[in-house]
Amino acid sequence: MEFKYFSFYKSISNFATNLIGIFLPLLVYEHTGLFYLAILFYVSQYLLNILFSVLLKKLIYSKPQLLLLYRIIPFVLYSICILLLEINVFVFAVPLCIFYSLNVAMSAPPEEIILNYSSEENYSEHLGISDFLTYLFACLSVVAGGYILDNINSVVLTIISATLYAISLVPLIIFYSKNKNKATFNQELTTNAVEQDKNEKVKESTRKALIKKYSIILGLTFCIDACYALVSLLVYTKFDLFTISAVIYGMSDLLYGISSLFVGKWHEKKDISLYTKISAFICGIAIVFIPFMDNQIVLMLVVCVLSILEPLLIVYLSDNMIQKTRVLGVSNSALFYYTNSFWVTTSICVLTGIAGTLIPSFALCGIGTVAVGFMIDKHEKDTNDLVISYLDQVKIAKKRKRKRKPSATVK
């Protein structure tokens, strides 16, 4: 029941922020007419996300709910900056980017960590449900936001966004009150192997190697997500309408959410590794051709295919990452670098379009996604070997303890 409160908070709060947050780079482009400034806004936003998450790392691990509550401060500040863009976009775009990035850094990593300890069992199924609700609401918010921007104005949209965000805090407070006394509250989830290994130092190199491997392959997988940001820019520059960009983005969110729900349950029952590899190849090849598509329907269909197939990769890799990092007691750290790898990948892919054409950006996204298809089997084998090696060390250490005789007592 408590998980439902958290999912409800996450869905409503993301609905509120996506109403206008997803369009911020496009608003900068609309006010200035300068494509490179929209690119710089995107890139600066993601780099600041990384900076703020690193600065808040200790609080993200120890008090994620507190950060989600205090998130309302940067939310209010960036909302004010949106209202002031009409006065001087060059002045207020800077604090807008800073406060919006702080808002994201105070929400994305804490939400992942809360989801981790709230779903001690069936992580992939919980992830699928959470993503389904989040992306369902994201779909509605993006379409509504695009329509309001085209037909009313950003002031009305900002007010609606702020009101909904305030409402979302209610289930978060309920979730906090019902979970604060639980033993697993804000605790790193571990397996028996780590618990039995309390007297043996876990090799830090093994932990770092496991997190590094998953950060790399998930970072490459996030090339598909970077593609969505590029598509919104591409569509707006071609058709000069928020609504068209919103419909394509919203449709991708909806299909991603539905696909996540089914994939999460499917992965609990069957091995989907072959399908993840096929999905990576299909997505990677399709992404390369997106900038050459002038037909809105064809572009929407391609984005829909990406949205259906991407959860096969994300759910499969994320669930495997959680299960293996829990063995070593570092699942929260893995999730922290999981969100940061998304920001790193997206900033790099978007930055390549600063010259004025998005063709190199889509090419980079496509190559990165295809690389996942080639890497995934070896990656899973290598990470399995790391975990097995660690468990073998635990068994050896336990045998040595049993064989060790007590020292003689000096009288």
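The structure reproduced in this document is the subject of the present report. Because the structure is a prediction, the values reported are computed rather than measured.

Parameters and conventions
- Residues numbered from 1 in each chain as written.
- Predicted model: local features only at pLDDT ≥ 70, side-chain atom pairs only at ≥ 80, totals over all residues.
- Heavy atoms only, no water.
- Helix = DSSP H or I, 4+ residues; strand = E, 2+ residues; numbered from the N terminus.
- Buried < 20%, exposed > 50% of the residue type's maximum accessible area, 1.4 Å probe, protein only.
- Areas by Shrake-Rupley, 256 points an atom, 1.4 Å probe, with all protein chains shown as cover.
- Axes fitted to C-alpha atoms, helices over the stretch in contact; angles between N-to-C directions.
- Parallel < 35°, antiparallel > 145°, perpendicular 65-115°, else oblique.
- Left-handed = near helix turned anticlockwise from the far one by under 90°.
- Contact = heavy atoms within 4.5 Å.
- Nonpolar A, V, L, I, M, F, W, Y, C, P; charged D, E, K, R; others polar.
- Expected span 1.5 Å × (residues − 1).
- Salt bridge = Lys/Arg side-chain N within 4 Å of Asp/Glu carboxyl O.

## Remarks on the overall build of the protein chain
So, step 1. Tallying secondary structure elements over the protein chain gives 18 helices and zero strands in all.
So, step 2. Here the protein chain holds 411 residues, and 54% of them are scored as buried.
So, step 3. Here the protein chain has roughly 18200 Å² of accessible surface; of this, 66% comes from carbon and sulfur atoms.

## Examining the packing of helix α3 (residues 35–55) against helix α17 (residues 331–351)
So, step 1. Packing of α3 against α17 brings their axes to within 9 Å, and their N-to-C directions diverge by 160 degrees. Taken as axis vectors, α3 and α17 run roughly antiparallel relative to one another. Pair α3 / α17 crosses with left-handed handedness. Residues Ile39, Tyr42, Val43, Tyr46, Leu47, Asn49, Ile50, Ser53 and Val54 of α3 touch α17, and the partners they reach there are Phe336, Asn340, Phe342, Trp343, Val344, Thr346, Ser347, Val350 and Leu351.
So, step 2. Tallied by class, residues from the contact of α3 with α17 come to 13 nonpolar, five polar and no charged.

## As for helix α12 (residues 204–221)
So, step 1. For α12, spanning 18 residues, the distance from its first C-alpha to its last is 26 Å, which sits close to the expected 26 Å at 1.5 Å a residue.
So, step 2. Along α12, the residues that are buried comprise Thr206, Arg207, Leu210, Ile211, Tyr214, Ser215, Ile217, Leu218, Gly219 and Thr221.

## A look at the pattern of salt bridges
So, step 1. Within this structure, the stated rule accounts for six salt bridges.
So, step 2. With its nearest N and O atoms 4.0 Å apart, the salt bridge here joins Arg71 to Glu111. Of this pair, Arg71 sits in the loop between α5 (64–70) and α6 (72–84) while Glu111 sits in helix α8 (residues 108–118), and the two are 40 residues apart along the sequence.
So, step 3. We classify Glu111 as buried; its relative accessible area is 5%.
So, step 4. Here Lys277 ties to Asp377 by a salt bridge, and the two come within 2.5 Å at their closest N and O atoms. Of this pair, Lys277 sits in helix α15 (residues 273–289) while Asp377 sits in helix α18 (residues 359–403); the two residues are 100 residues apart in sequence, bridging distant segments of the chain.
So, step 5. For Lys277, a relative accessible area of 22% gives the class partly exposed.
So, step 6. One network of salt bridges, in which partners are shared, links Lys213, Lys378 and Asp382.

Honestly, that's just the spatial picture; any functional story needs more than this.
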